[in-house]
Amino acid sequence: MGSIYLYNNRFLSAEEVAISPEDRGYYYGDGIYEVFRVYNGRLFEPGLHFDRLERTAAGLRLNLPMDRSALLEKLEELVLRNRLNEGTLYIQFTRGAAPRSLPFPKEAEPSLMAYTTEVARPVAAMEAGIRAKTVEDIRWLHCDYKTLNLLPNVLAKQEAVEAGTDDAILHRGGTVTECSASNIMIVRDGVILTHPADNLILHGVTRAVVLRLAHAAELAVLERPFTLEELLGADEAFITGTTVEVTPVVSVDGQAIGSGAAGPVTRRLQRDFAAAIGL
Ligand code: PLP
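Residues numbered from 1 in each chain as written. Predicted model: local features only at pLDDT ≥ 70, side-chain atom pairs only at ≥ 80, totals over all residues. Heavy atoms only, no water.

A. Examining the domain arrangement of the chain more closely. Split by domain assignment, the chain resolves into domain 1 (4–118) and domain 2 (123–276). Computed from C-alpha atoms alone, the centre-to-centre distance between domain 1 and domain 2 is 27 Å. Between domain 1 and domain 2, the residue contacts involve 24 residues of the former and 19 residues of the latter. The junction of domain 1 with domain 2 conceals about 1,800 Å² of combined surface from both sides, 60% of it contributed by carbon and sulfur atoms. Counting the surface domain 1 buries against domain 2, the share from its top three residues, Tyr33, Arg52 and Arg55, is 34%. Our count for the contact surface shared by domain 1 and domain 2 stands at two salt bridges. For glutamate 45, the salt bridge identified is with arginine 212, shortest N-O distance 2.8 Å. Between the two partners, domain 1 and domain 2, sit eight residue pairs in polar contact (both at pLDDT 80 or more). (Domains from an automatic or database assignment. Contact = heavy atoms within 4.5 Å. Buried area = accessible area lost by both parts, 1.4 Å probe. Salt bridge = Lys/Arg side-chain N within 4 Å of Asp/Glu carboxyl O. Polar contact = N/O pair within 3.5 Å; in protein donor to acceptor, adjacent residues only side chain to side chain.)

As structure tokens, then:
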């Protein structure tokens, strides 16, 4: 982890960050977050992250303490101060600190905390693919908001890990939505299928970039829900996300997907994604 945090308007060491025990993020998960990828010292697709952050803030009626240009300046300074070349930047806003009571507190000021982490690209998983387990999606009906309430994601991921797999693929009554921390796409008969960006999934930045690349490569794309059956019978499956980029899913519930290795559409999108990040 980078040694410098951004806490409200100040750059501090971890020891200097003093978060109130009455912070509503701590009591209620009453807050929102973003995870940006940093490639070559630069934030990747900051505009798409800010769009989602502002949309989530509006949905939760949480007033962001600064506008996006002021925030971008601070985040770029954080990356510089931590000398981060390749990794992630985590930022969260909570509704602030106030005695425990459900209604919005009148006095509380939203609180901001951000830090960076050095992480390499997940080259091994992108090459070999991951194994996944299907888990019922028990989340609320605003999965399009990127909030701190991640308990269903935590439980799903834990269930997948305890079953000896790498990740959980979530479904609502047999309709696949997304994964514990990524979106999912499948390829059937040359067509890429992915759940529409509605209230049941997070509108992934990587998902948007990959769809843009697929259109540019003239690959057929259908944003429509697909079933577990269609997933298991797919020619290819892959997940997209800030930390996983484009990672093949090679088996689901112990059953091989397609040939049991990354397929040609997945490989093409991986190459195009690498080009998009300037490699
Ligand atoms: N879906 C969920 C539930 C996530 O938590 C994430 C990222 O954390 C994603 C999808 C992928 O979004 P992005 O590509 O913006 O990282």
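B. Quick look at helix H2 (residues 46–60). Taking 1.5 Å per residue as the helical rise, H2 with its 15 residues ought to reach 21 Å, and the 21 Å between its terminal C-alpha atoms agrees with that figure. Residues of H2 that are buried make contact with strand E3 (31–39), helix H3 (68–81), strand E5 (87–94) and helix H6 (205–216). Note on H2: the residue one or two positions beyond its end, arginine 61, has a positive phi of about 55°. (Helix = DSSP H or I, 4+ residues; strand = E, 2+ residues; numbered from the N terminus. Expected span 1.5 Å × (residues − 1).)

C. A look at the pairing of strand E11 (residues 191–194). The pairing of strand E10 (residues 183–188) with E11 spans four bridges and is antiparallel. Paired with methionine 185 across the bridge in E11 is threonine 194. Here E10 hands over to E11 after two residues, with aspartate 189 in that stretch at a positive phi of 50°. Examined bridge by bridge, E11 and strand E12 (residues 220–223) share four bridges and lie parallel to one another. (Pairing = 2+ DSSP bridges.)

D. Structural context of the layout of surface pockets. Computed from the structure, the largest pocket encloses a volume of approximately 1,000 Å³. Forming the boundary of the largest pocket are 42 residues, of which Tyr33, Lys146, Ser180, Ala181 and Ser182 lie nearest the centre. Of the residues in the lining of the largest pocket, the class split is 19 nonpolar, 15 polar and eight charged. No fewer than three residues from each of domain 1 (4–118) and domain 2 (123–276) sit in the lining of the largest pocket. (1 Å grid on protein atoms, 1.4 Å probe; cavity = no way out; pocket = protein on both sides within 12 Å on 5 of 7 lines; lining within 4 Å. Points joined across faces, edges and corners; volume = space filled by probe spheres on them. Nonpolar A, V, L, I, M, F, W, Y, C, P; charged D, E, K, R; others polar.)

E. Inspection of the nonpolar core at higher detail. Judged by nonpolar contacts, the single largest core of 23 residues is most densely connected at Leu71, Leu75, Leu89, Ile91, Phe93 and Leu112. Those elements that place two or more of their residues in this core are E3, H2, H3, E5 and strand E6 (111–118). Setting aside its immediate chain neighbours within four residues, phenylalanine 93 contacts Gly31, Ile32, Leu53, Leu62, Leu64, Pro65, Leu71, Ser111 and Leu112. If you look at the next biggest cluster of nonpolar residues, it comprises 18 residues, including Val209, Leu211, Val246 and Phe273. (Core = buried A, V, L, I, M, F, W, Y, C linked by side-chain atoms within 4.5 Å. Buried < 20%, exposed > 50% of the residue type's maximum accessible area, 1.4 Å probe, protein only.)

F. Representation of the pattern of salt bridges within the structure. Applying the stated rule across the entire model yields 19 salt bridges. Across the salt bridge formed by arginine 52 and glutamate 34, the nearest N and O atoms sit 2.8 Å from each other. Of this pair, arginine 52 sits in helix H2 while glutamate 34 sits in strand E3, and the two are 18 residues apart along the sequence. Taking relative accessible area as the criterion, arginine 52 reaches 7% and is therefore assigned buried. The buried category is assigned to glutamate 34, whose relative accessible area is 0%. Between aspartate 166 and arginine 131 there is a salt bridge; the shortest N-O distance is 3.8 Å. Here the residue aspartate 166 occupies a position in the loop between helix H5 (151–162) and strand E8 (167–172), and arginine 131 occupies one in strand E7 (residues 130–136), the gap between them amounting to 35 residues. Taking the relative accessible area as the measure of exposure, aspartate 166 reaches 31% and is therefore partly exposed.

G. Up close: helix H8 (residues 264–276). For H8, which comprises 13 residues, the first-to-last C-alpha distance of 18 Å matches the rise-based estimate of 18 Å (1.5 Å per residue) to within 8%. Val265, Thr266, Leu269, Gln270, Asp272, Phe273 and Ala274 are the residues of H8 that are buried. Two residues or fewer past H8, glycine 278 is found with a positive phi of approximately 85°.

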